[in-house]
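Results of the structural survey
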Amino acid sequence: MPKRIVILGAGFAGIQAAVELDRALGRSGEIEVTLVSDQNYFLFTPLLPQIASSNIDPRHIAQAIRDLRGARRFRFLRASVGRVDLDRREIYSRSGKADPLSAAPILYDYLIFAPGSRTDYFGIPGAQENTLDFKSLEDAVVLRERMLDICEHADHSTDATLRRKLLTFVVVGGGYTGIELVTEWHDLLFGYVAKRYRGISADDIRLIVLEAGADILRGVHPKLAEHSRHRLARKGIEVRTNTPATRCFPGGVEVTGDEIISAGIVVWTAGVRAHPLIESLPGQHDRIGRAVVNESLQLAGHPEVFIAGDSAAATSASDAPRVAPVAIDHGRIAALNIIHQMRNEPLESYRYISKGMLVSLGMNYAVVNIGGIRLSGYFAWLFWNVVHLYKLVGFKKQIQVGVDWILGAIFTRDAAIVRRPRNCPYCGDER
């Protein structure tokens, strides 16, 4: 009877595990692989900031899993997992978020957890309720629509103070996501909005990054991080380090316990926690809820269970950053170790080896650190584009995004609001 392997999560780690298993054993009849996810697409998250800035179309970074699967033999199940019984090796899923737990569990012989992560608000009062999240495709689309809607209101406002407040945009978190998002915003606001909205001038727009730590872009070479900070300053983006958000409220954020910043939008990119499913697992967890696993990515007491991606704190590389290359390596190692375990072969160990860091700082500028080579400027930006285009899954998506970039360099960005923002304090609509 074939061994049943179940993968929970269709992000970078989950997809890589499914592809690796199919490559090794897909037609041998030794295994049956089921990939489970509550979304029917794989999302190329590194390009999310360009969705929020209207630089590329949202569907162009989402690849339907059944299209991605192609001729591969793994099964895909769109479902939301309710709980996992590790002792009985059973997974109880939901066919939809509103449905009750399914009566028929999914059975497995080997299991790979790769559900990704969620936003960590660090217990800051009002943060979850009064800031916008930025992890999903929907988050990026909502953020784009909210920003454009606020610009529409600011354009016809006769109150200069209100207009300045509306056009103040705050990003909490100075990591890769936060920095790439704020620079994309800069391109949209100064390259399009300030030129096309006659009631808005460049002087009305204010962009702020709040970072609780001493540095932005931790993990990037210090010289490149400092260079990036100077670049942002030249763009007029305020970067405030050692400035934690201490309270969030409708229309603004409090910092360092006493200063109030009024803003049209506050986006939270400050940190992540492990998925609730991971936090419910037995055994040791790290400070952000990730399951502590051995160097082979196995869960303690359950050698048939592997943890990959943002959910794993490997003892051999607990300081590895939570980025796509690490998740891909985790997925590959977990898949290979299942095969080794089936064949009674020695397991492989995960070792973190940095493949470099690439950070876009907006149109025509990036910083790159690969193999000891540090670059910044236009050619680094070209390299950033080439790498991300190459990493996109599927030739069709590569063409679509490439065309988006070409059109964006020739024509203005699309500012059409295709869905009315919900719960916007300035829209008069609380739907």
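Please refer to the structure placed before this passage.
Residues numbered from 1 in each chain as written. Predicted model: local features only at pLDDT ≥ 70, side-chain atom pairs only at ≥ 80, totals over all residues. Heavy atoms only, no water.

Section: the overall build of the protein chain
What counts is decided by this rule: Strands are runs of DSSP state E lasting at least 2 residues, helices are runs of H or I lasting at least 4, and numbering of each runs from the N terminus. When we talk radius of gyration, it's over C-alpha atoms, and the globule rule is simply 2.2 Å times the number of residues to the 0.38. Classification of residues uses two cut-offs on accessible area relative to the type maximum, computed with a 1.4 Å probe and protein chains only: under 20% is buried, over 50% is exposed, and between them is partly exposed. In this charge count, Lys and Arg are treated as positive and Asp and Glu as negative; neither His nor the chain ends contribute. Where a charge lies is defined by one atom per residue type, namely NZ (Lys), CZ (Arg), CG (Asp) and CD (Glu).
The helix and strand tally for the protein chain stands at 12 helices and 25 strands. For the protein chain, whose C-alpha radius of gyration is 22 Å, the value lies close to the compact-globule estimate of 22 Å for 431 residues. In the protein chain, which comprises 431 residues, the proportion classed as buried is 53%. The centroid of the 52 positive side-chain charges in the protein chain is displaced by 3 Å from the centroid of its 47 negative side-chain charges.

Concerning the sheet that holds strand β17 (residues 265-268)
Short version of the rule: Strands are labelled as partners when DSSP assigns at least two bridges between them. For helices, the axis comes from a line fit to the C-alpha atoms of the stretch in contact; other axes are also lines fit to C-alpha atoms, and the angle between any two N-to-C directions lies between 0 and 180 degrees.
Across the sheet, which stays open at both edges, the four strands sit in the order β13-β12-β11-β17 with parallel pairing between neighbours. Lying at the two open borders of the sheet, with one neighbouring strand each, are β13 (238-240) and β17. Within this sheet the neighbouring strands show an average axis-to-axis angle of 15°, counted without direction. Across four bridges, strand β11 (residues 168-172) lies against β17 in parallel orientation.

Description of empty space enclosed by the protein
Definition in use: Definitions used throughout: a 1 Å grid over protein atoms alone; a cavity as a set of points that fits a 1.4 Å probe which cannot get out; a pocket as an open set with protein on both sides within 12 Å along at least five of seven lines; a lining residue as one with an atom within 4 Å of a point. Grid points are joined across faces, edges and corners, and a volume is the space filled by probe spheres set on the points. Classification convention: Asp, Glu, Lys, Arg as charged; Ala, Val, Leu, Ile, Met, Phe, Trp, Tyr, Cys, Pro as nonpolar; all other residues, Gly among them, as polar.
Evaluation of the coordinates by the stated rule reveals two cavities of 30 Å³ or more. Taken together, 14 residues form the lining of the largest cavity, with Arg290, Gly309, Pro321, Val326 and His330 sitting closest to its centre. Secondary structure elements with two or more residues in the lining of the largest cavity: β22 (312-314) and α10 (324-342). At three residues, α10 tops the list of elements feeding residues into the lining of the largest cavity. Split by residue class, the lining of the largest cavity holds nine nonpolar, two polar and three charged. Estimates place the volume of the second largest cavity at around 40 Å³. Forming the boundary of the second largest cavity are Phe42, Phe44, His60, Ile61, Ala62, Gln63, Leu392, Val393 and Lys397. Split by residue class, the lining of the second largest cavity holds six nonpolar, two polar and one charged.

Points about the side chain of Thr34
Under the convention used in this document: A contact between two residues is defined here by any heavy atoms of the two lying within 4.5 Å.
Mapping Thr34 onto the fold places it in strand β2 (residues 31-37). Among the residues examined, Thr34 registers a relative accessible area of 11% and is labelled buried. Once residues lying within four places of it in the same chain are set aside, the contact partners of Thr34 are Ile5, Val6, Ile7, Arg75 and Leu77.

Focus on the pattern of salt bridges
Two side chains that carry opposite charge are able to pair once their charged atoms sit near each other. This is how it is decided: A side-chain nitrogen of Lys or Arg and a carboxyl oxygen of Asp or Glu constitute a salt bridge if their distance falls within 4 Å.
Following the criterion strictly, the structure yields 19 salt bridges and no others. Across the pair Arg144 and Glu145 runs a salt bridge whose closest N-O atoms are separated by 2.2 Å. Residue Arg144 is classed as buried on the basis of its relative accessible area, which comes to 10%. One salt-bridge network, in which partners are shared between bridges, spans Arg118, Asp120, Arg273 and Glu279.

Observations regarding the packing of helix α1 (residues 12-25) against α10
Counted only if it meets this: Handedness of each helix crossing follows the sense of rotation of the near helix against the far helix: counterclockwise by less than a right angle gives left-handed, clockwise gives right-handed.
Packing of α1 against α10 brings their axes to within 7 Å, and their N-to-C directions diverge by 35°. When the axes of α1 and α10 are compared, the crossing they make is right-handed. Touching Phe12, Ala13, Gln16, Ala17, Glu20, Leu21, Ala24 and Leu25 of α1 are Ala324, Ala327, Ile328, Gly331, Arg332, Ala335, Leu336, Ile339 and Met342, all from α10. Of the residues assigned to the contact of α1 with α10, the class counts are 13 nonpolar, two polar and two charged.

Looking at the side chain of Thr241
Rules: A 3.5 Å cut-off defines polar contacts: any pair of N or O atoms within that distance qualifies, except that in protein one atom must be a possible hydrogen donor and the other a possible acceptor, and neighbouring residues in sequence count only when both atoms are side-chain atoms.
On the secondary structure map, Thr241 appears in the loop between β13 and β14 (245-249). For Thr241, a relative accessible area of 14% translates into the label buried. One polar contact links Thr241 to Arg229, side chain to side chain, over a distance of 3.1 Å. In contact with Thr241, other than residues within four places in its own chain, are Glu211, Gly213, Ala214, Asp215, Ile216 and Arg229.

Describing a nonpolar patch on the surface
As a reminder of what qualifies: For patch building, the residue pool is restricted to those with more than 30% relative accessible area and no salt bridge; the joining distance is 9 Å between like charges and 5 Å between nonpolar side chains (Val, Leu, Ile, Met, Phe, Trp, Tyr). The Shrake-Rupley method, run with a 1.4 Å probe sphere, supplies the accessible areas, and residue values consider only the shown protein chains as cover.
On the surface, Phe395, Ile399, Val403, Ile406, Leu407, Ile410 and Phe411 cluster together into a nonpolar patch covering about 730 Å² of accessible area. Of note, Leu407 is situated in helix α12 (residues 395-410). Accessibility expressed as a relative area gives 41% for Leu407, which makes it partly exposed.

Examining the layout of surface pockets
Put simply, the second largest pocket is a space of about 350 Å³. Lining the second largest pocket we find 17 residues, and of these Ser54, Ile56, Asp57, Arg144 and Asp414 sit closest to its centre. Listed by contribution, the elements that provide at least two residues to the lining of the second largest pocket are α5 (137-155) and α12.

Examining the packing of helix α11 (residues 378-391) against α12
Threshold: Here the word oblique covers every angle except those under 35 degrees (roughly parallel), over 145 (roughly antiparallel) and from 65 to 115 (roughly perpendicular).
Here α11 crosses α12 at 150°, and the two axes come no closer than 9 Å. Considered as vectors, α11 and α12 are oriented roughly antiparallel to each other. In the packing of α11 onto α12, the handedness of the crossing is right-handed. On α12, the residues touching Trp384, Asn385, Leu389 and Tyr390 of α11 are Gln398, Val401, Gly402 and Trp405. Each residue belonging to the contact of α11 with α12 can be placed in one class, and the counts come to five nonpolar, three polar and no charged.

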